[in-house]
Amino acid sequence: MSLPLPLALVTRLAPVAVLATAGWALSSGPLAASPTADDKDTATTGASASPTEPSTTAATKTFTAAPVPCTSVKPGTIKSLVPGAKAAGKEIPSTDTNARRTCSWNALKGFDYRWLDVSFELSDTDAAAEKTYKDRLTEKSGGGEVPGLGDEAYSVVNLTTEDKQQTREGVVLVRASNALVVITYNGSDFESKKAPSTDVINKGAIKAARDAVAALEGGR
């Protein structure tokens, strides 16, 4: 029996907006002073350093490219969180796959609907990623920190009701060095009009986040 999805879930099928990542520039320090007359003898022996030697203070990025998102979550995790969904998932088009990549899984099994999004967003520095992470937290409330996940992580679950149909959605935001991992997981029961419990959604989102962070750090 085909059932219409509530408006809140239909809008989840809209394309994910592509976020642009700002670039950065690093200025080199002043050139080394020229050798004095007293240093000329030393210079002839090859002991003096060239004033044009490159700076060694340039920062390096821990992560230079986003991993393949549709293989970042284990098939077993997909099977348990989104029953009936294909493990391959569907990658959302991005204008810069090095900076941002997203994969989605969704399925309706019986009357139970589940949706899972996994996104990787890369910044040029740890500081830039940390700022983005903190800015995102100002948009969230009622959640809490998730220990042992990346450098810092936050989880929040919210319940919405539309046309008497409940939908519960969990979001886990993780920062690992210069990368952000964003997990969105939600569900509804179209027979009872109820949503899965907060515990089910929260634990499911965190489980997917652990898989995704492991994939990021493993270089997959």
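Residues numbered from 1 in each chain as written. Predicted model: local features only at pLDDT ≥ 70, side-chain atom pairs only at ≥ 80, totals over all residues. Heavy atoms only, no water.

1. Considerations on the side chain of Arg 101
Here is step 1: Following the sequence through the fold, Arg 101 ends up in strand β2 (residues 100-109).
Here is step 2: Judged by its relative accessible area of 17%, Arg 101 falls in the buried class.
Here is step 3: Side chain to side chain, Arg 101 and Glu 91 meet in a polar contact 2.8 Å long.
Here is step 4: Ignoring sequence-local partners within four residues, the contact set of Arg 101 consists of Ala 66, Pro 67, Val 68, Pro 69, Glu 91, Val 118, Ser 119 and Phe 120. (Helix = DSSP H or I, 4+ residues; strand = E, 2+ residues; numbered from the N terminus. Buried < 20%, exposed > 50% of the residue type's maximum accessible area, 1.4 Å probe, protein only. Polar contact = N/O pair within 3.5 Å; in protein donor to acceptor, adjacent residues only side chain to side chain. Contact = heavy atoms within 4.5 Å.)

2. Notes on the pairing of strand β6 (residues 165-176)
Here is step 1: With respect to burial, β6 is a largely interior element, 11 of its 12 residues being buried.
Here is step 2: The sheet contact formed by strand β5 (residues 152-162) and β6 spans 11 bridges and is antiparallel. When the sheet's bridge partners are listed, Val 156 is paired in β6 with Val 171.
Here is step 3: Between the antiparallel neighbours β5 and β6 lie 2 residues, among them Asp 163 with a positive phi of about 55 degrees.
Here is step 4: Bridging between β6 and strand β7 (residues 179-189) involves 9 bridges; their strand directions are antiparallel. What sits directly across from Val 171, in β7, is Thr 184.
Here is step 5: Hairpin connection from β6 to β7: 2 residues lie between these consecutive antiparallel strands, with Ser 177 at a positive phi of about 55 degrees. (Pairing = 2+ DSSP bridges.)

3. Things to note about the pairing of strand β3 (residues 112-122)
Here is step 1: Counting buried positions along β3 yields 10 of 11 residues, so the element is predominantly enclosed.
Here is step 2: Alignment of β2 against β3, held across 10 bridges, turns out to be antiparallel. The residue bridging Ala 107 from the neighbouring strand is Arg 114, located in β3.
Here is step 3: From the end of β2 to the start of β3, which pair antiparallel, there are 2 residues, and Gly 110 there has a positive phi angle of about 70 degrees.
Here is step 4: The sheet contact formed by β3 and β7 spans 11 bridges and is antiparallel. Looking at β7, one finds that Tyr 113 is bridged to Ser 188.

4. Details of the sheet that holds β5
Here is step 1: Here we have 7 strands laid out as an open sheet, ordered β1-β2-β3-β7-β6-β5-β4, and antiparallel in their pairing. Edge positions in the sheet fall to β1 (90-92) and β4 (144-145), since each of these pairs with one other strand and no more.
Here is step 2: Both β4 and β5 contribute to a ladder of 2 bridges, which runs antiparallel. Paired with Gly 144 across the two strands is Ser 155, which belongs to β5.
Here is step 3: Helix α4 (residues 126-137) contacts β3, β5, β6 and β7 of the sheet and is inclined by roughly 155 degrees relative to β6. (Axes fitted to C-alpha atoms, helices over the stretch in contact; angles between N-to-C directions.)

5. Details of the pattern of salt bridges
Between side chains of opposite charge, a pair can form as their charged atoms come close.
Here is step 1: In this structure the tally under the stated criterion is 9 salt bridges.
Here is step 2: For Arg 101, the salt bridge identified is with Glu 91, shortest N-O distance 2.8 Å. With Arg 101 in strand β2 and Glu 91 in strand β1, the pair connects residues that are 10 residues apart, well separated along the chain.
Here is step 3: Classification of Glu 91 as partly exposed rests on a relative accessible area of 28%.
Here is step 4: In this structure, the salt-bridge partner of Glu 152 is Arg 175, at a minimum N-O distance of 2.6 Å. Residue Glu 152 is found in strand β5, and its partner Arg 175 is found in strand β6; the two are separated by 23 residues along the sequence.
Here is step 5: Of the residues examined, Arg 175 reaches a relative accessible area of 10% and is grouped as buried.
Here is step 6: By sharing partners, the salt bridges in this structure join Arg 100, Glu 121 and Arg 136 into a single network. (Salt bridge = Lys/Arg side-chain N within 4 Å of Asp/Glu carboxyl O.)

6. Thoughts on the packing of aromatic side chains
Here is step 1: Throughout the structure, instances matching the rule amount to 1 aromatic pair.
Here is step 2: An angle of 20 degrees between the planes, with centres 6.3 Å apart, marks the rings of Tyr 113 and Phe 190 as stacked. Of this pair, Tyr 113 sits in strand β3 while Phe 190 is found in the loop between β7 and α5 (198-218), placing the two residues 77 residues apart along the sequence. Phe 190 shares its class with Tyr 113; the two are buried. (Phe/Tyr/Trp six-rings, centres within 6.5 Å; stacked < 30°, edge-to-face > 60°.)

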